[in-house]
Each structure stands twice: as structure tokens, then as C-alpha cells.
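The primary structure of each chain is shown beneath.
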Amino acid sequence: MLLKLYDKNNNPQDLQRIIDILNDGGLIIYPTDTMYAIGCHGLKERAIERICRIKEIDPRKNNLSIICYDLSSISEYAKVDNNVFKLMKHNLPGPFTFILNGTNRLPKIFRNRKEVGIRMPDNNIIREIARLLDAPIMTTTLPHEEHEDLEYMTDPELIDEKFGDIVDLVIDGGIGGIEPSTVVKCTDNELEIVRQGKGWLEEN
């Protein structure tokens with residue numbers, strides 16, 4: 001099912017429908033400031049396991065990421081020291097994934113790895129959903145084969161054709177991008193750019 005949303009002034013009933021799907025353990029596909037992504041309620045372990053199966057991710061070997069609405073909600077789910085807080089404040093919302101040590105507020109599936117990726121995309125649609133949900137959204141890019149044309153990952157109608165049967169809702173937020181987020185590891189008191197993507201980190 002495809003639902004058109006906009007940067008602002010969305011129908012509250014449409015937004016509530018999305019929140020209900022997430023609270024019921026459903027999966028949605030949505031735009032971010034980088035690529036379209038697939039996600040679920042970040043505290044519902046069964047929904048997270050469904051996404052891991054779709055993506056063929058082993059949560060014991062792969063970091064899982066969550067979208068948070070703002071910096072104060074990030075500190076509920078990840079350990080943030082002053083330097084990292086300043087860095088995130090300077091660069092978020094934006095096309096970054098910060099890898100931090102997780103807290104015990106996250107489900108056990110995250111604690112297998114002790115680390116969590118934190119996203120705060122510069123995209124009003126998904127941030128508004130995270131705000132209304134009042135919980136993190138577990139997020140990952142859409143599954144794709146190496147040889148596949150990436151165009152289908154940017155067009156919500158093509159995304160719906162390909163994935164509409166395995167998720168509960170596809171949000172059409174316009175044409176998406178094909179560049180991933182920049183991954184910044186902040187777990188050992190030093191910064192490491194693990195993957196350079198769309199975002200260029202500005203240090204204080």
C-alpha cells in the first residue's frame with residue numbers, strides 16, 4: 001500500500017495510521033535524507049527480527065541502527081559523552097549514522113552487539129513519525145543485489161511494486177537518493193569515519 005506524504009501539513013489521520021502500524025509490529029518503507037529505508041518500531045523485537053530476515057542480516061554480526069527524533073531521545077538509547085554530543089549537535093539532523101555504545105533501554109537483539117547506529121535524518125516525514133511514535137525506529141536500507149539497477153530504490157512506485165507485499169506500508173515522499181549515510185564510529189574515545197557517504201562531517 002502506497003501513501004503519499006509531504007514535508008509538512010500531512011493529514012493527522014494518515015500519520016496516526018502509520019503510528020498504529022508501527023505499534024502493532026508492522027514494517028514500513030519511508031524516505032530519509034539519503035536513500036529510502038525499511039523500518040519498524042525500534043523496541044519491538046519480533047518486528048526487528050522480521051527486518052533482519054528480509055535483509056539477511058545477522059544481528060550478532062551486524063550493527064543495527066535506529067532513528068531518533070532529537071538529541072535528548074538519542075541519549076536514552078545510546079551513551080553520549082560531551083564531545084560526541086557537541087559533534088552530533090553540530091551535524092544533525094543530517095546524512096550520518098553515528099555508532100555509539102547502546103544502553104539497556106534497547107531490546108536484547110541490540111545488546112548482542114553492545115553498539116547501535118544512530119540516525120537523525122534531515123527529513124521531516126520520518127522525523128515527524130519518530131516524534132509521534134515517541135520511540136526509536138529501527139532502520140536499514142532496502143535490500144538490493146549488487147548488479148541491480150538502483151533506480152527502483154529511488155522511486156516510491158517501483159519500491160511499492162517490489163516490496164509492497166512484504167511490508168505493511170510504503171510512504172511516497174518523492175524521489176529518493178542513492179547515496180548512503182556517512183558512518184562515524186564514536187565508541188573508543190576517538191572518531192573514525194567507517195564509511196564516507198553523503199554527509200561531510202564538520203568537527204567543532
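Per-chain numbering applies: the sequence of each chain, read as written, is numbered from 1 onward. This being a predicted model, a pLDDT of at least 70 is required before a residue's local features are given, and a value of 80 or more before pairs of side-chain atoms are given or counted; all residues contribute to the totals for chains, interfaces and linings. As a rule here, side-chain values cover all heavy atoms of the structure and leave hydrogens and water aside.

Novice: Teacher, can you tell me more about the layout of surface pockets here?
Specialist: Over the atoms rolls a probe the size of a water molecule, and its path tells where empty space is left. There is about 640 Å³ of room inside the largest pocket. Helix and strand labels come from DSSP, where a helix needs a run of H or I of at least four residues and a strand needs a run of E of at least two; each type is numbered from the N terminus. Broken down by secondary-structure element, the contributors of at least two residues to the lining of the largest pocket are β5 (94-101), β6 (115-120) and β7 (137-141). Counting residues per element, the lining of the largest pocket draws most heavily on β7, which supplies four residues. Taken together, the residues of the lining of the largest pocket sort by class into 10 nonpolar, 12 polar and five charged. Here a cavity denotes grid points, spaced 1 Å and computed from the protein atoms alone, that fit a 1.4 Å probe unable to get out, and a pocket denotes an open set having protein on both sides within 12 Å along at least 5 of 7 lines; residues with an atom within 4 Å of a point are the lining. Grid points are joined across faces, edges and corners, and a volume is the space filled by probe spheres set on the points. When residues are sorted by character, Ala, Val, Leu, Ile, Met, Phe, Trp, Tyr, Cys and Pro go into the nonpolar class, Asp, Glu, Lys and Arg into the charged class, and all the rest, Gly among them, into the polar class.

Novice: Just checking my understanding: could you explain the pairing of β6 for this structure?
Specialist: On a regular strand, each side chain points to the face opposite its neighbour's, so the side chains alternate between the two faces of the sheet. Think of it in three bands: with a 1.4 Å probe and only protein chains considered, a residue is buried below 20% of the maximum accessible area for its type, exposed above 50%, and partly exposed in between. For β6, a buried count of six out of six residues is recorded, marking the element as mostly surrounded by other parts of the structure. Every second residue of β6 is oriented toward a common face, with Glu115, Gly117 and Arg119 on one face and Val116, Ile118 and Met120 on the other, all of them buried. Judged from the three bridges that link them, strand β4 (residues 65-67) and β6 form a sheet pairing that is parallel. In the strand pairing of β6, Ile67 is matched with Arg119. When DSSP finds at least two bridges between two strands, those strands are taken to pair. Here β5 pairs with β6 via six bridges, running antiparallel. Across the sheet, residue Thr97 finds its bridge partner in β6, namely Arg119.

Novice: Where do I start with the packing of aromatic side chains in this structure?
Specialist: Aromatic pairs are defined between Phe, Tyr and Trp rings, using the six-membered ring for Trp, whenever the two ring centres lie within 6.5 Å; interplanar angles under 30 degrees are classed as stacked, those over 60 as edge-to-face, and all others as tilted. Tallied over the full model, the rule gives two aromatic pairs. Geometrically, the ring pair formed by Phe96 and Phe98 is tilted, given 6.0 Å between the ring centres and 35 degrees between the ring planes. Relative accessible area serves as the criterion here: at 3%, Phe96 is assigned to the buried category. Phe98 sits in the buried class, given a relative accessible area of 0%. Summarising the aromatic geometry, the rings of Tyr152 and Phe163 are spaced 6.1 Å apart at their centres and angled 40 degrees between planes, so their arrangement reads as tilted. You can see Tyr152 sitting in the loop between β7 and α7 (156-163) and its partner Phe163 sitting in helix α7, a full 11 residues away along the chain. A relative accessible area of 11% places Tyr152 in the buried class. By definition, being over a ring means that NZ of Lys or CZ of Arg is both within 6 Å of the ring centre and within 35 degrees of the ring normal. Lys162 extends its terminal NZ or CZ atom over the ring of Tyr152, reaching a point 5.0 Å from the ring centre.

Novice: Help me understand the sheet that holds strand β10 (residues 192-195), please; the structure alone is not making it clear to me.
Specialist: Strand pairs in the sheet, formed through backbone hydrogen bonds, run parallel or antiparallel to each other. With respect to topology, 10 strands assemble into an open sheet ordered β1-β8-β2-β3-β7-β4-β6-β5-β9-β10, the strand pairing being mixed. Edge strands, defined here as strands with exactly one partner in the open sheet, are β1 (2-4) and β10. Between one strand and the next, the sheet's axes are offset by a mean angle of 35 degrees, whatever the strand orientation. Residue contacts follow a heavy-atom distance rule, with two residues in contact if any of their heavy atoms lie within 4.5 Å. Geometry is summarised by axes, namely lines fitted to C-alpha atoms with helices restricted to the contacting stretch, and by angles between N-to-C directions that run from 0 to 180 degrees. Contacts between α7 and the sheet are confined to β1, β2 (28-30) and β8 (169-172), with β8 contributing the most and set at about 170 degrees to the helix.

Novice: So what exactly am I meant to see when it comes to unusual backbone geometry here?
Specialist: Glycine aside, residues mostly have negative phi, and peptide bonds are mostly found in the trans state. Of the consecutive residues Leu92 and Pro93, the connecting peptide bond is found in the cis state with omega at -5 degrees. With respect to the secondary-structure elements, Pro93 resides in the loop between α4 (82-91) and β5. Even without a glycine there, the phi angle at Asn9 is positive, about 60 degrees. Inspection of the secondary structure assignment puts Asn9 in the loop between β1 and α1 (12-23). Assessed through its relative accessible area of 75%, Asn9 is described here as exposed.

Novice: Mind showing me how you'd approach the packing of α1 against helix α6 (residues 124-133) here?
Specialist: Each pair of packed helices gets described by two things: the angle between the helix axes and the distance between those axes. Following both chains from N to C, one finds α1 and α6 inclined at 65 degrees, their axes separated by 10 Å at the closest point. Considering the relative orientation of α1 and α6, their crossing is right-handed. Contacts between α1 and α6 pair Leu15, Ile18, Ile19, Leu22 and Asn23 from the former with Glu128, Ile129, Leu132 and Leu133 from the latter. Crossing handedness is defined as follows: a turn of the near helix away from the far one that is anticlockwise and smaller than a right angle gives a left-handed crossing, while the clockwise case is right-handed.

Novice: It is not clear to me how the pattern of salt bridges should be interpreted in this structure. Could you clarify?
Specialist: When their charged atoms lie close together, side chains carrying opposite charge are able to pair. Criterion for a salt bridge: a side-chain nitrogen of Lys or Arg within 4 Å of a carboxyl oxygen of Asp or Glu. Throughout the structure, instances matching the rule amount to eight salt bridges. As a salt-bridge pair, Glu76 and Arg105 come within 2.5 Å of each other at their nearest N and O atoms. Of this pair, Glu76 sits in helix α3 (residues 71-77) while Arg105 sits in the loop between β5 and α5 (108-111), and the two are 29 residues apart along the sequence. One salt bridge in this structure joins Arg131 and Glu128, with 2.9 Å as the shortest N-O distance. Pair noted here: Arg131 and Glu128 are both in helix α6, with a separation of three residues, about one helical turn. For Arg131, a relative accessible area of 38% puts it in the partly exposed group. Residue class for Glu128 comes out partly exposed when judged on its relative accessible area of 26%.

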